[in-house]
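Listed below, chain by chain, are the residues.
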Amino acid sequence: MALARTIAEKHASRPGPLLPILHAIQDEFGFVPSFVVSVIAEVLNLSRAEIHGVITFYHFFRETAPGKKILYLCRAEACQAMGARKLERHVKEKLGVDYHETTSDGRFSLEPVYCLGNCACSPAVMIDDFVYGRVTPERFDLLVDEG
Amino acid sequence: MTEGKVKIFVPRETTARSLGSEDVALAIERVALDRGESVTLVRNGSRGLFWLEPLVEVEIGGVRHAYGPISADEVSDLFNAGFLTGAKHAKSLGPTEDLPYLSDQSRLTFARAGITDPLSLDDYRVHGGYEGLENAIKLDCDEIVNIVTESGLRGRGGAAFPTGIKWRTVLTADGEQKYVTCNADEGDSGTFADRLIMESDPFVLIEGMTIAGIAVNATEGYIYLRAEYPLAIEIMNQAIQTAELAGLLGDDVMGSGKIFRLEVREAAGAYICGEETAMLESLEGKRGVIRYRPPLPAIKGLFGAPTIVNNVITLASVPIILARGSDCYKEYGSGRSRGTLTAQLAGNVKRGGLVEIGFGRTLREIVEGFGGGTATGRPIRAIQAGGPLGAYVHPSQFDAPLDYEAFSEIGAMIGHGGLVVFDDSVDMGEQARFAMEFCAIESCGKCTPCRIGSVRGVEVIDRILSGVDESANLALLRELCDTMVIGSLCALGGMAPFPVLSVMNYFPEDLRARKPQ
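Residues numbered from 1 in each chain as written. Chains lettered and ligands numbered in written order. Predicted model: local features only at pLDDT ≥ 70, side-chain atom pairs only at ≥ 80, totals over all residues.

Colleague: Go over the overall build of chain B, please, and point to the residues and values.
Modeller: Scanning chain B for helices and strands turns up 21 helices and 16 strands. The C-alpha atoms of chain B give 24 Å as radius of gyration, which agrees with the globular expectation for 517 residues (24 Å, within 12%). Over its C-alpha atoms, taken along the principal directions, chain B stretches across nearly 75 × 60 × 40 Å. Within chain B, the proportion of its 517 residues that are buried is 56%. (Helix = DSSP H or I, 4+ residues; strand = E, 2+ residues; numbered from the N terminus. Rg over C-alpha atoms; globule rule 2.2 N^0.38 Å. Buried ≥ 20, exposed ≤ 12 C-beta atoms within 10 Å, placed from the backbone.)

Have a look at this one:
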């Protein structure tokens, strides 16, 4: 709670501070815990509804703790042209989860993403901050098994 | 650098890294150390010849020789073959600049991409960087805006609005505080030009924005950069810091007495924030819900102040225009589309990458000439041009020239220049369905045609594909598309039907009841 307040106060004087605050919170906690809503609302003098509205509008902000790593699977057209639909079925079966879920061993959270800008070497997957290109089901298994 | 040391270049750029360039760089350092070879490893950006990544270059006598694609386990082999002296190897490609894919291009905006160390300001200046700003600070605002107007530069984000006219509006608008914002929320599938320039030549964007700021008396700039591009965020932030320390940003830009501060703002994964008014809302810390226009952002934009909103490539094209003059830029192109198009070859294509050429070449020349056809070797069935809201172009239309007006005559759009190639295994019915599904996921929810229409669109297409009242539902789908096109507030709902309509018009055989398996 105190940490969330410190983060919010640090950015509060910037113009349009809410997104930078939410990013900093998510960097710190791995997600945006519900208790920060009232803290940010108080620091920025906004309603809790406004803060909640912003958090839920953006796909990138998550309200629950992720697994150890977040796996972003690209679902967009350039990847579709290179077999992303097949990869998608494989990934869900291999990890035993659907989108927005975390594997039972807590290693991976699976999220869909619409373009990683790696469209000349599709399909693409991002694990935390690192993008992998030309991901076949076999290459995917290697990435997950070693990681 | 010690004399006699050989310079080796290995890209530090997302696509090259996604194919193993970090491992290649490590292997080169390790093998060089083992062999007692004295080398300097430069982590350049990428030249955008992505099918050759990781592309390793060796500089010999001032000429760079290319080897690619190289994997980490081939590095010892390269040393054994004598690549430090430019010797032949199964993967040698000869002098990089002589590769036809590169030599057939007109690299203006991307002149330095892959050549320089993106984080070296010295490198940038040695290769012509900051000549544009040097000229700009000697001119008054009117003169700068005139040069940009005369160059014919139009918005490269997709809308193709004349940049100079937008700047003129901001310059003449009333307001103490004005802003320059850069839309780097490159969400269109099949596009990577913004990311490539930010990772490979970040100073060119900084310089372009600084010129924009000086041209319209704006003292603050924001780059709204997608969260999906962590490396671009890191590189842009470092470059901004370097420019600040060198007095090229801040309270006295290049000793001119002018103020321009620049900041990266991280986006948060909403496609709609690529729409300019939604981006402004997001920068203000709100939900990315679009605004009614008018007022235009140029009059009433960020925090209600006159604001330039330009795409990355638009702003990154400004320095060369100020450095070489508007005539030099205008020489390229065709019709009312002046300068260069940064086409991005993506999807199922043999030689994917960035192709910067004057407007006016045909789609076929680019996709077959540069791209070499599909990666799978099968015939091309369709090309989606201009992102997820762009039409699927049928092979009978491939001879259309790529200029804004000519391309819109065939019912397609150039947009941000993304070209996604599909082979004949594609199911165009699924592609039509995805266009509506994507719109439903990404709609900001403000207007009904987009918010509800896209959901209904998915349902109607599902009914068609499952054989329920096929002809009635096809008629309904066309009506729904019309409603969305005419009734939506912004381009998301207004254009999401275009790929659907292109499938109905050119690939009708795929949008009908499926035979039971």
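Colleague: How would you summarise the overall build of chain A if you had to cite specific residues and measurements?
Modeller: Scanning chain A for helices and strands turns up 7 helices and 5 strands. When the helices and strands of chain A are read in sequence order from the N terminus, they spell out α-α-α-α-β-α-α-β-β-β-β-α. Here chain A holds 147 residues, and 43% of them are scored as buried. Excluding contacts between residues fewer than 6 apart, the proportion of contacts in chain A whose partners are at least 24 apart in sequence is 57%. (Contact = placed C-beta atoms within 7 Å.)

Colleague: Tell me what's going on with the sheet that holds strand β4 (residues 63-67) of chain B, and back it up with residues and numbers.
Modeller: Either a parallel or an antiparallel arrangement is found when strands of a sheet pair, and the pairing is made through backbone hydrogen bonds. Residue and element names in this part refer to chain B. Read from one edge of the open sheet, 5 strands run β2-β1-β3-β4-β5, paired in mixed fashion. At either margin of the open sheet sits one strand with a lone partner, and together these are β2 (39-42) and β5 (92-95). Between one strand axis and the next, the sheet turns by 25 degrees as a mean value, whatever way the strands run. Relative to strand β3 (residues 56-60), strand β1 (residues 6-9) is paired through 3 bridges, and the arrangement is antiparallel. Paired with Ile8 across the strands is Val58, a residue of β3. Most of the contacts of helix α2 (residues 21-35) go to β2, to which it runs at about 170 degrees, and overall it touches β1, β2 and β3. (Pairing = 2+ DSSP bridges. Axes fitted to C-alpha atoms, helices over the stretch in contact; angles between N-to-C directions.)

Colleague: Provide a residue-level description of the domain arrangement of chain A, including the pertinent values.
Modeller: The domain boundaries assigned to chain A delineate domain 1 (2-57) and domain 2 (69-146). For domain 1 of chain A and domain 2 of chain A, the distance between their C-alpha centres works out to 30 Å. (Domains from an automatic or database assignment.)

Colleague: Explain the interface of chain B and chain A to me, and be specific about the residues and the numbers.
Modeller: Each side of the interface is counted separately: chain B has 46 residues, and chain A has 34 residues. Sorting the residues of the side of chain B that touches chain A by element identifies α1 (14-18), β8 (261-266), α12 (276-283), β12 (340-347) and β16 (418-423) of chain B as the ones contributing at least two each. Looking at the side of chain B that touches chain A residue by residue, the classes come out as 19 nonpolar, 17 polar and 10 charged. (Nonpolar A, V, L, I, M, F, W, Y, C, P; charged D, E, K, R; others polar.)

Colleague: An account of the domain arrangement of chain B is requested, with residue identities and associated values reported.
Modeller: Residue and element names in this part refer to chain B. Partitioning chain B into domains gives domain 1 (6-103), domain 2 (124-330), domain 3 (333-423) and domain 4 (428-510). A straight line from the C-alpha centre of domain 1 to that of domain 3 covers 30 Å. The interface is formed by 5 residues belonging to domain 1 together with 6 residues belonging to domain 3.

Colleague: With reference to specific residues and values, describe the pairing of β3 of chain B.
Modeller: Across 5 bridges, β3 of chain B lies against β4 of chain B in antiparallel orientation. By the bridge assignment, Val58 of chain B is partnered in β4 of chain B with His65 of chain B.

Colleague: I'd like a description of the packing of helix α3 (residues 36-44) of chain A against helix α4 (residues 48-57) of chain A, backed by residues and values.
Modeller: The angle between the axes and the distance between the axes are what describe a pair of packed helices. Residue and element names in this part refer to chain A. Interaxial distance between α3 and α4 falls to 8 Å at its minimum, and their mutual angle equals 120 degrees. Here α4 runs oblique to α3, going by the angle between their axes. Every pair of crossing elements has a handedness; the one defined by α3 and α4 is right-handed. Residues Val37, Ser38, Ile40 and Ala41 of α3 form the contact with α4, whose participating residues are Arg48, Ile51 and His52. Looking at the contact of α3 with α4 residue by residue, the classes come out as 4 nonpolar, 2 polar and 1 charged. (Parallel < 35°, antiparallel > 145°, perpendicular 65-115°, else oblique. Left-handed = near helix turned anticlockwise from the far one by under 90°.)

Colleague: Describe unusual backbone geometry, with residues and values.
Modeller: With an omega dihedral of -10 degrees, the bond running from Gly68 of chain B to Pro69 of chain B counts as a cis peptide bond. Its place among the elements puts Pro69 of chain B in the loop between β4 and α3 (75-81). A cis amide bond links Arg293 of chain B to the next residue, Pro294 of chain B, at an omega of -5 degrees. If you trace the backbone, Pro294 of chain B turns up in the loop between α12 and β9 (307-311). We note that His100 of chain A has phi near 70 degrees; this positive angle belongs to a residue other than glycine. Mapping His100 of chain A onto the fold places it in the loop between α6 (84-95) and β2 (101-102).

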